[in-house]
Every structure is written in C-alpha cells, then in structure tokens.
Amino acid sequence: MDIFCIRAVSLGDLEKVLISHDGTGPGSGWFLDKIVIKHKGEEAQEVVFPCNRWLDEYQDDGKTERELTANKNGSSMKTFLKGKSCFPAVVFYTIVFAV
C-alpha cells in the first residue's frame, strides 16, 4: 500500500480519477486494487475508486492508464467553499493506493 498526503484547494465532489504511468523501465507495471481518497477536514470523509486491474503493457488489456469512477455504494465526499470567498478553501487529502 502506498500513501500520499496532498495539500490542495477544495476539489468539490469527486466522481472520477485518472491514473497512469509512463511504462519506463523493466517491471514498471503494477496491479491496482483501488484508490481511497480521504479528506481531513472537520468531518472525516472518504471516497473509494475501485480498479482491480493491471496498469501494465504486458498484462490484462495492456493499458497503463485507467479512468476510475467513484464507488456509488460507499460514502461520497462533499467539500465546500468557506464563506463567500472567490477562492476555494485549502484542504488536506490523503490518497491511498491499495496495490
């Protein structure tokens, strides 16, 4: 499992993610079970993007890029802009790659 923490502007409701790699180097392909994105705000929120496929030019269908859709059965992530500012709030996301 790989975990990344990112500080970013509010992304709003997350519905899709695009994940890929450039295939550089031997053994660069990998199997992706799912992506879990957790929002660390006042209320803990997360959204799950199931994959269960290879990102490998020599495995599965040979694709190294996948567009994943949020799991509709799980909880959805809702983030909001603070006040009436024209600028989105800065939030923290934890991204978990279950490989």
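Residues numbered from 1 in each chain as written. Predicted model: local features only at pLDDT ≥ 70, side-chain atom pairs only at ≥ 80, totals over all residues. Heavy atoms only, no water.

1. Overview of the packing of aromatic side chains
Item 1. Summed over all chains, the structure comprises one aromatic pair.
Item 2. Aromatic side chains Phe-31 and Trp-54 sit 5.7 Å apart centroid to centroid with 70 degrees between the ring planes, which places their arrangement in the edge-to-face category. Separated by 23 residues along the polypeptide, Phe-31 in strand β3 (residues 30–40) and Trp-54 in strand β4 (residues 44–55) bring together distant segments of the chain. (Phe/Tyr/Trp six-rings, centres within 6.5 Å; stacked < 30°, edge-to-face > 60°. Helix = DSSP H or I, 4+ residues; strand = E, 2+ residues; numbered from the N terminus.)

2. Quick word on the nonpolar core
Item 1. Within the largest apolar cluster, twelve residues are counted, these being Leu-14, Val-17, Ile-19, Leu-32, Ile-35, Ile-37, Val-47, Phe-49, Cys-51, Leu-55, Leu-68 and Ala-70.
Item 2. Put simply, the parts of the chain that give this core at least two residues each are β2 (16–20), β3 and β4.
Item 3. Ignoring any residue separated from it by four or fewer positions in sequence, one finds Leu-68 in contact with Glu-15, Lys-16, Val-17, Ile-19, Leu-32, Ile-35, Phe-49, Pro-50 and Cys-51. (Core = buried A, V, L, I, M, F, W, Y, C linked by side-chain atoms within 4.5 Å. Buried < 20%, exposed > 50% of the residue type's maximum accessible area, 1.4 Å probe, protein only. Contact = heavy atoms within 4.5 Å.)

3. Looking at the side chain of Asp-56
Item 1. Position of Asp-56 relative to the elements: it lies in the loop between β4 and β5 (65–69).
Item 2. With no salt bridge to any partner, buried Asp-56 finds its closest opposite charge in Arg-66, at an N-O distance of 9.3 Å.
Item 3. Contact partners of Asp-56, with chain neighbours within four places excluded, come to His-21, Gly-29, Trp-30, Gly-62, Lys-63 and Thr-64. (Lys, Arg positive; Asp, Glu negative; His and termini not counted. Salt bridge = Lys/Arg side-chain N within 4 Å of Asp/Glu carboxyl O.)

4. Quick notes on the confidence of the model for the protein
Item 1. For the protein, the mean per-residue pLDDT works out to 75, and 71% of the residues sit at or above 70.
Item 2. Element-level mean pLDDT values for the protein span from 59 in strand β6 (residues 90–98) up to 93 in β5.
Item 3. The low-confidence segment residues 74–90, where pLDDT is below 50, has 35 contacts with residues more than four positions distant or belonging to other chains. (pLDDT = per-residue confidence, 0-100.)

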